[in-house]
Amino acid sequence: MKNLKKAAFLAAAFALIGLTVNAQKGSAFGFKGGLNYSANGDYFQSIGDNARNPDRNIGYHIGLFGKIGDQLYFRPELVYTATKSDYDNNDFNVKKIDAPLLVGLRVLGPISVFGGPSLQYILDTEFDGIDIDNVEDDFSVGLNFGIALSLNKIGIDLRYERGFSNNEATFINNNFGEGVASRIDTRPDQLILSLSIAL
């Protein structure tokens, strides 16, 4: 069932990006990548701790994007994302496939604002060397919104991403005693800085 859900998710994401190939004026297709500054669970609650060790929460992403339209546009993306979060001096790592479905509006020259849902499929989770198999739900939905600057074929955007619902990973930590389960909220909560290049 998991493999079927994963295949359907990837097929839908590729189909959406493929629609941009025959799109109208102002449309584009290309590559994107950048940095993620994350705190799975509650970003604003942990911002003080993050400020003391800012390098501990930096991840990355790389992928493809499409764009349909000019003044008002639709921008589907398919992105591989690796995030890292600090929990009491331990690292919680998540690897996932994201498929944001964004609607944007140019507001002033090359500057636009955008927002929309992001479909997310978790590929792997690890807590300081402990692989975590039982994430509550591998597939989830979040929200992206932000601001973008477009200079010909080069684009830069800064966005905030937030998961809609709690999604916990459970693991056994022998330090807590035999059979005691620990839980980590895998819901994404991050700032994302991206550079995109249109072909």
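Look up a bit, the structure's there.
Bear in mind the structure is a predicted one, so any value in this text is a computation, not a measurement.

1. Thoughts on the overall build of the protein
Looking only at helices and strands, one finds two helices and 11 strands in the protein. Along its sequence from the N terminus, the protein presents helices and strands in the succession α-β-α-β-β-β-β-β-β-β-β-β-β. Burial statistics for the protein: of 199 residues in total, 43% are counted as buried. Restricting to contacts in the protein with at least 6 residues of sequence separation, those with at least 24 account for 64%. Summed over its atoms, the accessible surface of the protein is roughly 10400 Å², and 61% of this surface lies on carbon and sulfur atoms.

2. Thoughts on the side chain of Asp98
If you trace the backbone, Asp98 turns up in strand E4 (residues 90-108). Residue classification places Asp98 among the buried residues on the basis of a relative accessible area of 4%. Of the polar contacts made by the side chain of Asp98, one reaches the side chain of Lys96; its length is 2.8 Å. Asp98 has contacts with Glu77, Leu78, Val79, Thr81, Ser118, Leu119, Gln120 and Glu161, leaving out every residue within four places of it along the chain.

3. Thoughts on the environment of Leu151
Considering the arrangement of structural elements, one finds Leu151 in strand E7 (residues 139-151). You can call Leu151 partly exposed: its relative accessible area is 49%. Along the primary structure Leu151 and Gly109 are separated by 42 residues, whereas in three dimensions their C-alpha atoms are 9.8 Å apart.

4. Regarding the packing of aromatic side chains
In total, this model carries two aromatic pairs according to the counting rule given. On the numbers, 6.4 Å between centres and 50° between planes, the contact of Tyr60 with Tyr80 is tilted. Taken as a pair, Tyr60 in strand E2 (residues 58-69) and Tyr80 in strand E3 (residues 72-87) lie far apart in primary sequence, 20 residues in all. Looking at Tyr60, the relative accessible area reads 42%, which means it is partly exposed. Using a relative accessible area of 25% as the deciding quantity, one classes Tyr80 as partly exposed.

5. Remarks on empty space enclosed by the protein
To find the voids left in a structure, one rolls a probe of water-molecule size over its atoms. A full pass over the atoms with the stated rule returns two cavities of 30 Å³ or more. Taken together, Lys32, Asn36, His61, Glu77, Val79, Thr81, Asp98, Pro100, Asn144, Arg159, Glu161 and Ile192 make up the full set of residues lining the largest cavity. At the level of secondary structure, the elements contributing two or more residues to the lining of the largest cavity comprise strand E1 (28-38), E3, E4 and strand E8 (154-163). Of the residues assigned to the lining of the largest cavity, the class counts are three nonpolar, four polar and five charged.

6. Digging into the layout of surface pockets
Empty space within the largest pocket amounts to approximately 450 Å³. Lining the largest pocket are 28 residues; nearest its centre among them are Lys67, Arg75, Ser150, Asn152 and Gly155. Those elements that place two or more of their residues in the lining of the largest pocket are E2, E3, E4, strand E5 (111-127), E7, E8 and strand E11 (189-198). Class assignment for the residues of the lining of the largest pocket results in 12 nonpolar, eight polar and eight charged.

Rules of the game
- Residues numbered from 1 in each chain as written.
- Predicted model: local features only at pLDDT ≥ 70, side-chain atom pairs only at ≥ 80, totals over all residues.
- Heavy atoms only, no water.
- Helix = DSSP H or I, 4+ residues; strand = E, 2+ residues; numbered from the N terminus.
- Buried < 20%, exposed > 50% of the residue type's maximum accessible area, 1.4 Å probe, protein only.
- Contact = heavy atoms within 4.5 Å.
- Areas by Shrake-Rupley, 256 points an atom, 1.4 Å probe, with all protein chains shown as cover.
- Polar contact = N/O pair within 3.5 Å; in protein donor to acceptor, adjacent residues only side chain to side chain.
- Phe/Tyr/Trp six-rings, centres within 6.5 Å; stacked < 30°, edge-to-face > 60°.
- 1 Å grid on protein atoms, 1.4 Å probe; cavity = no way out; pocket = protein on both sides within 12 Å on 5 of 7 lines; lining within 4 Å.
- Points joined across faces, edges and corners; volume = space filled by probe spheres on them.
- Nonpolar A, V, L, I, M, F, W, Y, C, P; charged D, E, K, R; others polar.

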